[in-house]
Amino acid sequence: MSFKHWKIRHKLLAGFGAVILLMVLMGSIALLELKEVNAKLHLASADYQKTVQTHLIKDALNATARNMRNLLIFDDPAARALEIAHMEEATRTINGALQRLDTTVQLEQGRALLREVATARAEFLPARERLVDAVKAQRMDEAKALLINDVRPVQRRYMDALERFVAFQGELMAHDTESAEHEAQFALTVIVGLLALAIVSSTVIVITIISGVVAPLSTAVAVAKQVAAGDLTAQIAVDRQDETGEMLAALQLMNTSLLKIVREVRAGTESVATASEQISSSNRDLSSRTEQQAGTLEETASSME
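Residues numbered from 1 in each chain as written. Predicted model: local features only at pLDDT ≥ 70, side-chain atom pairs only at ≥ 80, totals over all residues. Heavy atoms only, no water.

Looking at this structure, I do not really get the overall build of the protein chain. What am I missing?
On a plain count of helices and strands, the protein chain comes out with five helices and zero strands. For the protein chain, the sequential pattern of α-helices and β-strands runs α-α-α-α-α. In the protein chain, buried positions account for 30% of the 305 residues. If you take every contact in the protein chain between residues at least 6 apart in sequence, the share linking residues at least 24 apart comes to 77%. (Helix = DSSP H or I, 4+ residues; strand = E, 2+ residues; numbered from the N terminus. Buried < 20%, exposed > 50% of the residue type's maximum accessible area, 1.4 Å probe, protein only. Contact = heavy atoms within 4.5 Å.)

What should I look at first to understand the pattern of salt bridges in this one?
Working definition: two side chains of opposite charge can pair if their charged atoms are close together. For the structure shown, the criterion picks out eleven salt bridges. Two residues, Arg115 and Glu108, come together in a salt bridge whose shortest N-O distance is 3.0 Å. For Glu108, a relative accessible area of 53% corresponds to the exposed category. Arg156 is the salt-bridge partner of Asp160, the closest N and O atoms lying 3.2 Å from each other. Of this pair, Asp160 and Arg156 are both found in helix H4 (residues 140-228), four residues apart, which corresponds to roughly one turn of the helix. (Salt bridge = Lys/Arg side-chain N within 4 Å of Asp/Glu carboxyl O.)

I'm lost on unusual backbone geometry in this one. Help?
Here Gln138, not a glycine, exhibits a phi torsion of approximately 65°, which is positive. Tracing the backbone shows Gln138 in the loop between helix H3 (108-136) and H4. Look at Gln138 and you get exposed, because its relative accessible area is 52%.

I would appreciate a short explanation of the packing of aromatic side chains in the present structure.
Describing an aromatic ring pair means giving the distance of the ring centres and the angle of the ring planes. A full pass over the atoms with the stated rule returns one aromatic pair. Residues Phe124 and Tyr158 carry aromatic rings whose centres are separated by 5.5 Å and whose planes lie at 50° to one another, so their mutual orientation is tilted. With Phe124 in helix H3 and Tyr158 in helix H4, this pair connects stretches of sequence that are 34 residues apart. Relative accessible area serves as the criterion here: at 2%, Phe124 is assigned to the buried category. (Phe/Tyr/Trp six-rings, centres within 6.5 Å; stacked < 30°, edge-to-face > 60°.)

What should I look at first to understand empty space enclosed by the protein in this one?
Rolled over the atoms, a probe sized like a water molecule indicates the empty space that remains. Following the criterion strictly, the structure yields one cavity of 30 Å³ or more and no others. Volume-wise, the largest cavity comes out at about 50 Å³. Looking at the lining of the largest cavity, the elements with two or more residues in it are helix H1 (8-73), helix H2 (77-104) and H3. Its residues assigned to classes, the lining of the largest cavity comprises seven nonpolar, two polar and two charged. (1 Å grid on protein atoms, 1.4 Å probe; cavity = no way out; pocket = protein on both sides within 12 Å on 5 of 7 lines; lining within 4 Å. Points joined across faces, edges and corners; volume = space filled by probe spheres on them. Nonpolar A, V, L, I, M, F, W, Y, C, P; charged D, E, K, R; others polar.)

Looking at this structure, how should I read the side chain of Arg121?
Along the chain, Arg121 turns up in helix H3. Lacking a salt bridge, the buried Arg121 has Glu129 as its closest oppositely charged neighbour, with an N-O distance of 9.0 Å. Here Tyr158 takes part through its side chain, which lies 3.4 Å from a polar atom of the side chain of Arg121. Residues in contact with Arg121, not counting those within four places in the same chain, are Thr91, Ile94, Asn95, Leu98, Pro126 and Tyr158. (Lys, Arg positive; Asp, Glu negative; His and termini not counted. Polar contact = N/O pair within 3.5 Å; in protein donor to acceptor, adjacent residues only side chain to side chain.)

When you look at the nonpolar core in this model, what are you seeing that I'm missing?
Formed by 37 residues in total, the largest nonpolar core has its most connected members in Ile57 and Tyr158. Listed by contribution, the elements that provide at least two residues to this core are H1, H2, H3 and H4. The element that contributes the greatest number of residues to this core is H4, accounting for 13 residues. Setting aside chain neighbours within four positions, we find Tyr158 in contact with Ile57, Leu61, Ile94, Val117, Ala120, Arg121 and Phe124. (Core = buried A, V, L, I, M, F, W, Y, C linked by side-chain atoms within 4.5 Å.)

Help me out: how do you make sense of the environment of Ile20 in this one?
For Ile20, the location among the structural elements is in helix H1. A C-alpha to C-alpha distance of 9.8 Å links Ile20 and Ser202, two positions 182 residues apart in sequence.

Sorry, what's going on with the layout of surface pockets here?
The calculated volume of the largest pocket comes to roughly 180 Å³. Around the largest pocket, the lining residues are Ala65, Met68, Arg69, Leu147, Arg152, Gln155, Arg156 and Met159. Mapped onto the lining of the largest pocket, the elements with two or more residues apiece are H1 and H4. Per element, the largest residue contribution to the lining of the largest pocket is five residues, and it comes from H4. Grouping the amino acids of the lining of the largest pocket by side-chain chemistry returns four nonpolar, one polar and three charged. The calculated volume of the second largest pocket comes to roughly 150 Å³. Together, Leu43, Ala46, Asp47, Lys50, Thr104, Val105, Gln106, Leu107, Phe168, Gln169, Leu172 and Asp176 line the second largest pocket. Elements that contribute at least two residues to the lining of the second largest pocket include exactly H1 and H4. Tallied by class, residues from the lining of the second largest pocket come to six nonpolar, three polar and three charged.

Following this line, the structure appears as structure tokens:
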């Protein structure tokens with residue numbers, strides 16, 4: 001069935017339904033895009049947290065390096081004990097950070113770099129312990145030699161492994177952040193496009209509904225004015241089956257009925273006029289005959305005199 005034959009309520013329902021459908025579609029796509037952006041941001045945040053944990057390890061390792069240096073500088077046993085306590089605290093901090101990284105790092109490349117960190121640390125810890133044991137035994141020359149020849153090289157490898165892991169996580173974080181920005185831009189483009197589509201579609205729907213309702217009503221009003229002015233010659237075309245079409249059909253029927261009534265009245269008037277003319281002619285004939293008879297009677301009366 002053509003759209004113009006739809007009932008007005010059906011047109012309105014279809015129009016509003018289409019607009020609502022566009023809004024739902026736009027909202028759904030926007031939610032999906034925002035969900036994707038949120039996922040990218042979550043990845044970037046997770047990479048940032050891994051970088052934070054790695055920097056905790058680096059800070060603790062640097063603090064440990066200072067503690068070992070202070071062990072060789074300080075002569076006070078209490079000061080040395082305090083430095084050793086700080087080193088133990090740093091060890092606990094590093095253990096916790098490594099455990100958190102082990103549970104959060106999922107990519108194989110990241111886990112390979114993390115294993116390199118663990119390997120370098122496994123070389124570093126025994127060398128550190130040998131230095132601490134030498135300091136506790138007051139073998140300071142041996143401790144200095146251990147620091148230079150054993151501890152510093154493995155400490156350097158330990159730090160280099162941490163740097164490679166940090167660089168990898170930084171690249172991941174930059175990539176995820178860029179991806180999130182791209183997704184956000186794409187989401188904005190999609191939302192703006194859908195909004196424009198919704199505006200254009202809504203405008204087309206409104207214009208279609210208005211033209212389908214207002215135009216027939218305008219025709220009906222024009223016909224009603226023409227009839228009110230006494231012109232019954234209007235030709236009313238009914239080409240639709242909605243409420244306005246039914247109204248036009250009713251006006252067409254009314255116009256036809258009025259025209260029939262006028263014709264009947266006109267025919268009746270002409271009949272009355274004809275009858276009146278006949279009566280008038282009969283009266284004239286009767287008057288003429290009466291005059292003739294009166295003349296005859298006058299002549300007869302004269303003759304009798």
